[in-house]
Amino acid sequence: QVQLVESGGGSVQAGAPLRLSCAASGGIVSRHGMGWFRQAPGQAREFVATISGSGGRTYYAESVKDRFTIARDNAKNTVYLQMNSLKPEDTAVYSCAARINPSTSSVASGYANWGQGTQVTVSS
């Protein structure tokens, strides 16, 4: 069974950085696209970033573009999300998932095998 475990969240002041990690089993990082999503209390889950299975393509939500960077390390079976210049509106539970259904019309869809998430809280 594929398992994903997120870590690296915490409470920081606005403008600070954080790096989130998503450790995976079964070699899924090298064989599938991987995505990061977030969900604030009372809000729907939203797409943040994704990286292709081949590693050559990345996509970001407009709200995080130029501040966040997604990367993979296939040798460690891990996907990272480097978050810089954090804002209070970035506060949410961040989860990673594998894009197991790539034949979709949007890079924000087709994901499954969700991790349990890690909390990020940004204070003004």
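In the block above lies the structure referred to throughout.
Scope of this entry: the structure provided in the associated data block. Everything quoted here is computed from the prediction, not taken from an experiment.

This part is about the side chain of arginine 99. Secondary-structure assignment places arginine 99 in strand β9 (residues 92–99). Looking at arginine 99, its side chain comes within polar contact range of the main-chain oxygen of serine 109, at 3.2 Å. When neighbours within four sequence positions are excluded, arginine 99 is seen to be in contact with His32, Gly33, Thr104, Ser106, Val107, Ser109, Gly110 and Tyr111.

As for its placement among the helices and strands, valine 2 is situated in the segment before β1 (4–7). Accessibility expressed as a relative area gives 31% for valine 2, which makes it partly exposed. In this structure the C-alpha to C-alpha distance between valine 2 and asparagine 74, which are 72 residues apart in sequence, comes to 15 Å. With sequence-adjacent residues up to four places away left out, valine 2 is seen in contact with Ser25, Ile28 and Asn113.

Moving on, we come to the pairing of β9. In terms of residue burial, β9 counts as a mostly covered element, since 7 of its 8 residues are buried. Bridging between strand β4 (residues 33–39) and β9 involves 7 bridges; their strand directions are antiparallel. From the neighbouring strand, glycine 33 faces β9, where its bridge partner is arginine 99. Pairing of β9 with strand β10 (residues 118–123) involves 3 bridges; the strand directions are antiparallel. Across the sheet, residue valine 93 finds its bridge partner in β10, namely glutamine 119.

Read from one edge to the other, the open sheet built from 4 strands follows the order β1-β3-β8-β7, with strand pairing classed as antiparallel. Looking at strand neighbours, the two that pair on one side only are β1 and β7 (68–73), the edges of this open sheet. Each adjacent strand pair in this sheet contributes to an overall mean axis angle of 15°, direction not counted. Sheet topology note: the β1/strand β3 (residues 18–24) ladder contains 4 bridges and is antiparallel. Within the sheet, the bridge partner assigned to serine 7 lies in β3 and is serine 21.

Tracing the chain through its elements places alanine 44 in the loop between β4 and β5 (46–51). Given a relative accessible area of 60%, alanine 44 falls into the exposed group. For the pair formed by alanine 44 and serine 103, sequence separation is 59 residues and the distance between their alpha carbons is 23 Å. If sequence neighbours within four positions are ignored, alanine 44 has contacts with Arg38 and Gln39.

Thresholds, definitions, all that
Chains are numbered independently. Their residues run from 1 in the order of the written sequence. Only residues with pLDDT of at least 70 get local features here, since the model is predicted, and only at 80 or more are side-chain atom pairs given and counted; chain-wide, interface and lining totals rely on the full set of residues. Calculated side-chain values reflect all of the structure's heavy atoms, with hydrogen atoms and water omitted. Labels follow the DSSP assignment, with helices taken as runs of H or I lasting at least four residues and strands as runs of E lasting at least two, numbered in each case from the N terminus. Between N or O atoms, a polar contact is any pair within 3.5 Å; within protein, one atom must be a potential hydrogen donor and the other a potential acceptor, and residues adjacent in sequence are included only when both atoms are from side chains. Whether two residues touch is decided by their heavy atoms; if any such pair falls within 4.5 Å, the residues are in contact. We call a residue buried when its accessible area falls under 20% of the maximum for its residue type, exposed when it is over 50%, and partly exposed in between, using a 1.4 Å probe and counting protein chains only. Note on pairing: DSSP must find at least two bridges between two strands before they are called paired. As a rule, the C-alpha atoms of each element are fitted with a line to give its axis, helices using only the stretch in contact, and angles between N-to-C directions run from 0 to 180 degrees.

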